[in-house]
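Here is how the chains run, residue by residue.
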Amino acid sequence: MDHATVMTLVQWGHGEEWRLMLQHSRPHHALVWMTRGQGIAVVEGVRRGLGVHNALVLPAGTMFSLDTGKTGFGLVCEMPAQPAAPMPDRAQHLRIRDVTGQSELTAIFEAMQREQNDARPFSEEAVDAQAALMSVWLRRAMLSHPDEPAPGAAERLVRAYAALVERHHASTRSMADHARTLGVTPTHLTRVCRRLSGLSAAELLTQRSLHAARDLIEAGERPMAQIAADLGFGSAAYFSRFILHHTGKSPSDLRQAALEARKRTPLRRVI
């Protein structure tokens with residue numbers, strides 16, 4: 001992706017709940033703008049409640065999950081790193097209470113959507129210009145928000161664990177291995193993760209591995225044995241059992257279902 005792109009949360013997840021609800025990361029910066037309903041995000045292992053007029057900034061490579069339920073609705077702007085539209089290097093959760101700030105961000109999103117939908121000459125340049133305005137809006141909003149208290153020891157531990165999971169999920173490293181790296185016991189790590197995220201340390205790791213696996217399986221390209229090897233599974237048989245246990249379907253069934261879904265409803269690229 002060379003230019004900023006705006007889409008709905010449903011489009012962002014390609015219409016599949018698991019793509020947002022399992023722990024994963026994105027290769028580009030993203031700003032999520034909630035416009036209806038409520039949701040739950042787990043960002044860097046920390047659970048956050050999202051409501052209307054909440055902005056969630058997710059720098060590239062940040063591990064997160066997002067659940068907006070049946071009534072939640074929002075927009076997302078994904079943008080590559082570019083000097084004209086700098087983004088923070090840490091996740092941000094902003095509750096925009098002033099009407100002016102809400103209207104300004106909504107207007108930027110609407111302008112970007114018009115440019116994408118109309119596909120007029122120089123539309124990509126116009127969208128990138130709006131992304132630069134969004135960056136300005138975001139930095140102003142961050143200045144107007146009170147500084148969050150410094151994270152305590154528990155939050156620092158969970159964030160460090162989430163960073164390790166994101167970096168090494170495609171390896172043979174276990175939760176216990178990460179606990180040793182962090183200098184804590186698996187029991188303590190599990191207890192702290194569950195308190196801050198609602199998930200155990202093992203569940204965070206499992207979700208990240210499962211998302212990576214399903215993404216590669218449903219892309220319909222690599223052989224299953226190759227995917228298993230790339231993600232650090234000891235064997236293709238163990239990989240198949242892992243997928244069956246967590247999805248109720250075999251890897252080949254997941255791939256076939258994804259292929260049939262694409263034939264029924266071809267994904268339209270948002271430009």
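Above this note sits the structure.
None of these values were measured; they are calculated from a predicted model.

Basis of the calculations
Residues numbered from 1 in each chain as written. Predicted model: local features only at pLDDT ≥ 70, side-chain atom pairs only at ≥ 80, totals over all residues. Heavy atoms only, no water. Helix = DSSP H or I, 4+ residues; strand = E, 2+ residues; numbered from the N terminus. Buried < 20%, exposed > 50% of the residue type's maximum accessible area, 1.4 Å probe, protein only. Areas by Shrake-Rupley, 256 points an atom, 1.4 Å probe, with all protein chains shown as cover. Lys, Arg positive; Asp, Glu negative; His and termini not counted. Charge placed at Lys NZ, Arg CZ, Asp CG, Glu CD. Contact = heavy atoms within 4.5 Å. Axes fitted to C-alpha atoms, helices over the stretch in contact; angles between N-to-C directions. Parallel < 35°, antiparallel > 145°, perpendicular 65-115°, else oblique. Left-handed = near helix turned anticlockwise from the far one by under 90°. Nonpolar A, V, L, I, M, F, W, Y, C, P; charged D, E, K, R; others polar. Pairing = 2+ DSSP bridges. Core = buried A, V, L, I, M, F, W, Y, C linked by side-chain atoms within 4.5 Å. Salt bridge = Lys/Arg side-chain N within 4 Å of Asp/Glu carboxyl O.

(A) Here's a closer look at the overall build of the protein. When helices and strands are tallied, the protein shows 11 helices and 8 strands. Taking the principal axes of the C-alpha coordinates as reference, the protein spans close to 55 × 50 × 35 Å. For the protein, the residues scored as buried account for 47% of the 271 residues in total. A total of about 14000 Å² of accessible surface is found on the protein, and carbon and sulfur atoms cover 53% of it. Where the 32 positive side-chain charges of the protein centre and where its 27 negative ones centre are 6 Å apart.

(B) Representation of the environment of C193 within the structure. Here C193 lies in helix α7 (residues 186–197). C-alpha separation for the pair C193 and E110, spaced 83 residues apart in sequence, amounts to 38 Å. The contact partners of C193, leaving out residues within four places of it in the chain, are V158, Y161, G198, L199, S200, A201 and L204.

(C) Region of interest: the packing of helix α5 (residues 153–168) against helix α6 (residues 175–182). One way to put it is that α5 packs onto α6 with a least axis distance of 10 Å and a crossing angle of 130°. When the interaxial angle is binned, α5 and α6 end up oblique. Crossing of α5 over α6 shows right-handed handedness. For the pair α5 and α6, the contacting residues are L157, A160, Y161, L164, V165 and H168 in the first and M175, H178, T181 and L182 in the second. The class makeup of the residues in the contact of α5 with α6 is 7 nonpolar, 3 polar and no charged.

(D) Spatial organisation of the sheet that holds strand β4 (residues 46–50). With respect to topology, 3 strands assemble into an open sheet ordered β4-β3-β6, the strand pairing being antiparallel. Edge positions in the sheet fall to β4 and β6 (64–67), since each has one partner strand and no second. If you compare each strand with its neighbour and ignore which way they point, the axes differ by 15° on average.

(E) Structural view of the environment of G69. Considering the arrangement of structural elements, one finds G69 in the loop between β6 and β7 (73–79). According to the relative accessible area criterion, G69 is partly exposed, its value standing at 48%. Taking the C-alpha atoms as reference, G69 lies 19 Å from H211; in sequence the two are 142 residues apart.

(F) Main features of the packing of α5 against α7. Closest axis-to-axis distance for the α5/α7 pair is 10 Å, and the angle between their directions is 100°. Taken together, α5 and α7 sit at an angle that is classed as roughly perpendicular. Each of A154, E155, L157, V158 and Y161 in α5 lies in contact with α7, whose residues at this interface are H188, L189, V192, C193, R195 and L196. Of the residues in the contact of α5 with α7, the class split is 8 nonpolar, 1 polar and 2 charged.

(G) Local environment of the nonpolar core. Counting residues in each nonpolar core, the largest one holds 23 residues, and the members touching the most others are L31, C77, M79, F109, M112, M134 and W137. Contributions of two or more residues to this core are made by β2 (29–36), β5 (54–58), β7, α3 (99–118) and α4 (123–144). Ranked by the residues each element gives to this core, the list is headed by α4, at 6 residues. Discounting chain neighbours no more than four positions away, the residues touching M134 are L31, C77, M79, L105, I108, F109 and M112. Of all hydrophobic cores here, the second largest spans 17 residues; its members include V46, L189, A201 and L205.

(H) Broad picture of the pairing of strand β3 (residues 39–43). Among the 5 residues of β3, 4 are classified as buried, and the element is accordingly described as predominantly covered. Here β3 runs beside β4; their pairing, made up of 5 bridges, is antiparallel. Looking at β4, one finds that A41 is bridged to R48. The turn joining β3 and β4, which pair antiparallel and follow one another in sequence, is formed by 2 residues; a positive phi near 55° is taken by E44.

(I) Inspection of the pattern of salt bridges at higher detail. Applying the stated criterion across every chain yields a total of 11 salt bridges. Here E166 makes a salt bridge to R208, at a shortest N to O gap of 2.7 Å. Residue E166 is found in helix α5, and its partner R208 is found in helix α8 (residues 201–219); the two are separated by 42 residues along the sequence. On the basis of relative accessible area, R208 is assigned to the buried category, the value being 6%.

By themselves these figures say nothing about function.
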